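Chains, contacts and geometry: an overview
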Amino acid sequence: MTFKATPVFKTKILSTLIAGLLSTQALATEKDTDNKDIEKIVVVGATTNSEITPEQLDNYQANDLEDIFRATPSITVGGSLGIVQKVFVRGLEDSMMNITVDGAPQTSTLFHHVGRVSIEPELLRSVEVQAGAGEATAGSGAVGGAIRFKTKTANDLLDADEQFGGLAKASIFSNDANKQSVALYGRVTDSVNVLASYVNVSRDNMEDGEGDLIPGTGSDQTLGFVKVDAEISDSQFITVSYETREEEGEFGKQTNWVQTIDAPLFKTWSDRETLVLNHALYLNEFINLETTLYSTESSLKRELYTWNAGIKTTGFDIRNTSDLGDHVLTYGIEQKNDEVNSESYEAFGGKANEDGTVTGVYAQDHWQITPDLLLSFGVRYDAYELDHTGLEANWVKVDGKWVVEHDAQGNPVTKSKDFSVKKQDGFSKNIGFKYTLAENITLSAGYAEALRGRQVADAFTAGEVNDNPELAPEEVENIELGLEYNDGTWLFEASVYQSTINGVVFDKFKGREGVFYENIGDLESKGVELVAGYQANQFDVLISFNHNDVVLNNMPFIWPDSSVEGGKKQVIRNNVDINAYEYGGLGNAVGDALNINFNYEVTDSIKTGFNFKYVADLNDIEVMHRSLELGWVDELGSIDKEGYNLVDVYARYEPTEQLRFDLSIQNLFNETYRSHGSVGDFSKFGKGYETLKGMYEPGRDIRLSVSYQF
């Protein structure tokens, strides 16, 4: 959100002047285009949108996803270690969202015990969150919304009269890490700019609030990034960026669960390479053409099971915006291809490949009916296709151990498993409005649909996946209503929403039968968000509150029942609580969250502030639905999630224009807590569940950094 005076507040509802950033995945450049490009706005699904700025990330020396979203109540990040972190928006996991870096999607899952999103906060120019399905331009499969990371350019770091520059930064964290980064940037010519950055992070095992070691949390990360942007002509711009990211460490068998001190750890290597080309052509009011081409390759290799997995994503998005007087029309076509490969890198144990393609065509119109009333409506068509190929090993038990059977020539005995998911396609509609009730007061509302077909499988379990001819695409309906008052000094917002993903798809494990993708019911997320803020000359304060309920309805289970023939019967359940253990990939129940953010500019060179986050207890969460169905337990149970209070503080001192010192303290009062985004504590259920609980988050972390800009 933005006050009219100065852009201090950058969360929640955005003004129409900056909301255009939420409607495009294409070129982002700081160059002056003489207003040749047509202003873009977002109405449908925008009542709870938010933006996070580089200043917020720098103040608290953000180092991972938890740090990036720490002050956003509607977002919860689970997992104390970067490689395992998962993002939950309105209780829905990031796998339900369209997540992009400069327009390049970060898709699919390499291993269900690790996260699928990785980003270096120092590279970011902005982070934009669209909560819930929105306009037709939001991208294919955005059933839960979208998160868009946008990286910096050389122009973001250079003053108007500067030709070249650099930034060197060193940081030390008391809990227990260090970080170094260097960036070089410059104007090679009057029309070509280059930014190159290198970041290194080394972390040992962290400690929780009690001072106890958290095993399996140490890792080393390196990142290289190059971005070139060029003004080809007065009306044409191009940006090319390349990022390579590597991480390695020793992690537990279930990477995101608690590891005991004496439990074995296994070497793990992960990497990602992303190449993005953005092109923009601004000719006149009818032609405002933006094109994005991308390629991303990710891989994960584990010492455990000698297993290797990779994902390659390629695609494009081409869109044009035309100003037709009272109508601003955006229309385009996009296509994305995901290819997953998984196999053992030593002795043969089977291999699998899935290749999925989605093609989308869309149009969105913004109609300024009167100066006070803006109407938005749109439609998109998406078509999903997927092929699966696999070579399964034949496992036999020898002397009590499962081994791969071999023939007389010593070759593994195998069988092929090939199938195609039938084409899944359909249309999604949306409509919404934004109405100025009075000066500084606006009312907005929207209804949006989205459709998503079968996604490529989790690479780790891809070899166990079986065909399901009855599988139908997911269809979501999202309704939002928002009211905002913003006079540049005071800000008040209230938003309500309800999102239902009908026929939500879940990769259902059925023991020795394998994994089946099935429509398991309707996933409903509903809630309320409230915001109040005040901005003065030297300080600002923002208070925000989020309440969310996420449940499954119309959900069938096959449960044991000795009173019926066969000993089992089907039961249809509603209001089934979501938890990250049994319903990984769908969502996680979280408690009410209250956040207070305060910033104070002491002098031109000194700034300080704090952030307080309260998360309420969430008790009596019913669990063990899937375990009962699989015969692992005899009855349902419940777990509790304890609430927590977090205080973070920071101070920034800039004695000169070139030199800057930053001090921040995360978790000032050394709270011992488990994030509500992590796997809950199932250890009370006894044998086999002793370590089934998410890791504690880090205790107090004092971070000191020195940066020099030249």
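Here goes a summary of the coordinates provided. (Residues numbered from 1 in each chain as written. Predicted model: local features only at pLDDT ≥ 70, side-chain atom pairs only at ≥ 80, totals over all residues. Heavy atoms only, no water.)

**A short note on the sheet that holds strand β27 (residues 465-466)**
What counts, and what does not: At least two DSSP bridges between two strands are required for those strands to pair. Only DSSP runs of H or I with at least four residues qualify as helices, and only runs of E with at least two residues qualify as strands; both kinds are numbered from the N terminus onward.
A sheet is described by the order of its strands in space; here three strands give the open sequence β27-β31-β30, paired in mixed fashion. Edge positions in the sheet fall to β27 and β30 (505-509), since each of these pairs with one other strand and no more. As judged from the two bridges shared by β27 and strand β31 (residues 515-519), these two strands associate in the parallel manner. Bridging from a neighbouring strand, V465 pairs with V515 of β31.

**Some points on a nonpolar patch on the surface**
Definition in use: Here the term patch refers to residues with relative accessible area over 30% and no salt bridge, with like charges joined within 9 Å and nonpolar side chains (Val, Leu, Ile, Met, Phe, Trp, Tyr) within 5 Å. For the accessible areas, the method is Shrake-Rupley and the probe is 1.4 Å, while residue cover comes only from the protein chains on display. Salt bridges are counted wherever a side-chain nitrogen of Lys or Arg sits within 4 Å of a carboxyl oxygen of Asp or Glu. With a 1.4 Å probe rolled over the protein chains alone, any residue whose accessible area is under 20% of its type maximum counts as buried; one over 50% counts as exposed, and the rest are partly exposed.
Together, V182, L184, Y198, Y708 and F710 make up a nonpolar patch on the protein surface, roughly 500 Å² of accessible area in all. Looking at the secondary structure, you find F710 in the segment after β43 (701-709). Look at F710 and you get partly exposed, because its relative accessible area is 49%.

**Points about a negative patch on the surface**
Heads up, the rule is: For the purpose of counting charges, residues Lys and Arg are taken to be positive, whereas Asp and Glu are taken to be negative. His and the chain ends are not included. Lysine's charge is taken at NZ, arginine's at CZ, aspartate's at CG and glutamate's at CD.
A contiguous patch of negative charge, built from D176, D204, E207, E210, D212, D220, E246, E248, D271, E273 and E297, is present on the exposed surface. Within the residue set of the negative patch, elements represented by two or more residues are β15 (236-251) and β16 (266-282). Its location among the elements puts D212 in the loop between β12 (206-207) and β13 (213-214).

**As for the pairing of strand β34 (residues 555-560)**
Where burial is concerned, the two faces of β34 differ: the one with M555, F557 and W559 is buried and the one with P556, I558 and P560 is not. Sheet topology places β34 next to strand β35 (residues 568-573); six bridges connect them, and they run antiparallel. Across the sheet, the residue bridging to P560 is K568, located in β35.

**Focus: the sheet that holds strand β3 (residues 86-89)**
Reading across the sheet, the three strands line up as β2-β3-β4 and stay open at both edges, with antiparallel pairing between neighbours. Of all the strands in the sheet, the pair left with one neighbour each is β2 (75-78) and β4 (92-93). Pairing geometry for β3 and β4, over two bridges, is antiparallel. What sits directly across from V89, in β4, is L92.

**What about the nonpolar core?**
Here is the rule we go by: Side-chain atoms within 4.5 Å are what join buried Ala, Val, Leu, Ile, Met, Phe, Trp, Tyr and Cys residues into a set we call a nonpolar core.
Residues L523, L552 and Y583 are the most contacted members of the largest nonpolar core, which totals 34 residues. Secondary structure elements with two or more residues in this core: β26 (441-452), β33 (539-553), β34 and β39 (618-623). Counting 25 residues, the second-largest nonpolar core is a separate cluster that includes L110, V114, A352 and V505.

**Overview of the side chain of N466**
Defined as follows: For the purposes of these results, a polar contact is taken to be a pair of N or O atoms within 3.5 Å, where, inside protein, one atom must be able to donate a hydrogen and its partner to accept one; residues adjacent in sequence count only when each atom of the pair is a side-chain atom. In this description, contact between two residues means that some pair of their heavy atoms is separated by no more than 4.5 Å.
Structurally, N466 is set in strand β27. Looking at N466, its side chain comes within polar contact range of the main-chain oxygen of E513, at 2.9 Å. If we ignore the near neighbours within four places in the chain, the residues touching N466 are K417, F419, E513, G514, V515 and F516.

**Re the packing of aromatic side chains**
Quick reminder of the rule: Stacked, edge-to-face and tilted are the three classes for Phe, Tyr and Trp ring pairs, Trp counted by its six-membered ring, which pair at centre distances within 6.5 Å; planes under 30 degrees apart are stacked, over 60 edge-to-face, the rest tilted. Charge-over-ring contacts are defined here by two conditions on Lys NZ or Arg CZ: a distance within 6 Å of the ring centre and an angle within 35 degrees of the ring normal.
All told, the structure shown has 21 aromatic pairs when counted by the stated rule. On the basis of an interplanar angle of 40° and a centroid distance of 6.1 Å, the ring pair of F682 and F685 is categorised as tilted. Classification of F682 by relative accessible area gives buried; the value is 0%. Judged by its relative accessible area of 26%, F685 is partly exposed. Taken together, the aromatic side chains of Y485, W490, F492, Y534, F539, F598 and F610 make up a single cluster linked through ring pairs. Across the ring face of W269, the terminal group of K301 is positioned such that the distance to the ring centre comes to 5.6 Å. Sitting over the ring of F516, K510 keeps its end group 5.0 Å from the ring centre.

**Here we look at unusual backbone geometry**
Along the chain, N175 connects to D176 via a cis peptide bond; the corresponding omega equals -5°. Within the secondary structure layout, D176 lies in the loop between β9 (164-173) and β10 (177-187). At D399, a position not held by glycine, the phi torsion is positive, near 50°. One can find D399 in the loop between β22 (395-398) and β23 (401-404). Taking the relative accessible area as the measure of exposure, D399 reaches 79% and is therefore exposed. The phi angle at N575 is positive, at roughly 55°, despite the residue not being glycine. Relative to the helices and strands, N575 resides in the loop between β35 and β36 (576-577). Judged by its relative accessible area of 54%, N575 falls in the exposed class.

**Digging into the environment of E273**
Here E273 is to be found in strand β16. Once the C-alpha coordinates of E273 and G224 are considered, the two residues, 49 residues apart in sequence, prove to be 9.6 Å apart. Residues within four places of E273 in sequence aside, it is in contact with Y242, E243, T244, S295, T296 and E297. A polar contact is formed between the side chain of E273 and the side chain of Y242, at a distance of 2.3 Å.

**Side note on the pairing of β2**
Of the two faces of β2, the one lined by I75 and V77 and the one lined by T76 and G78 are each fully buried. Alignment of β2 against β3, held across four bridges, turns out to be antiparallel. Across the sheet, the residue bridging to G78 is K86, located in β3.

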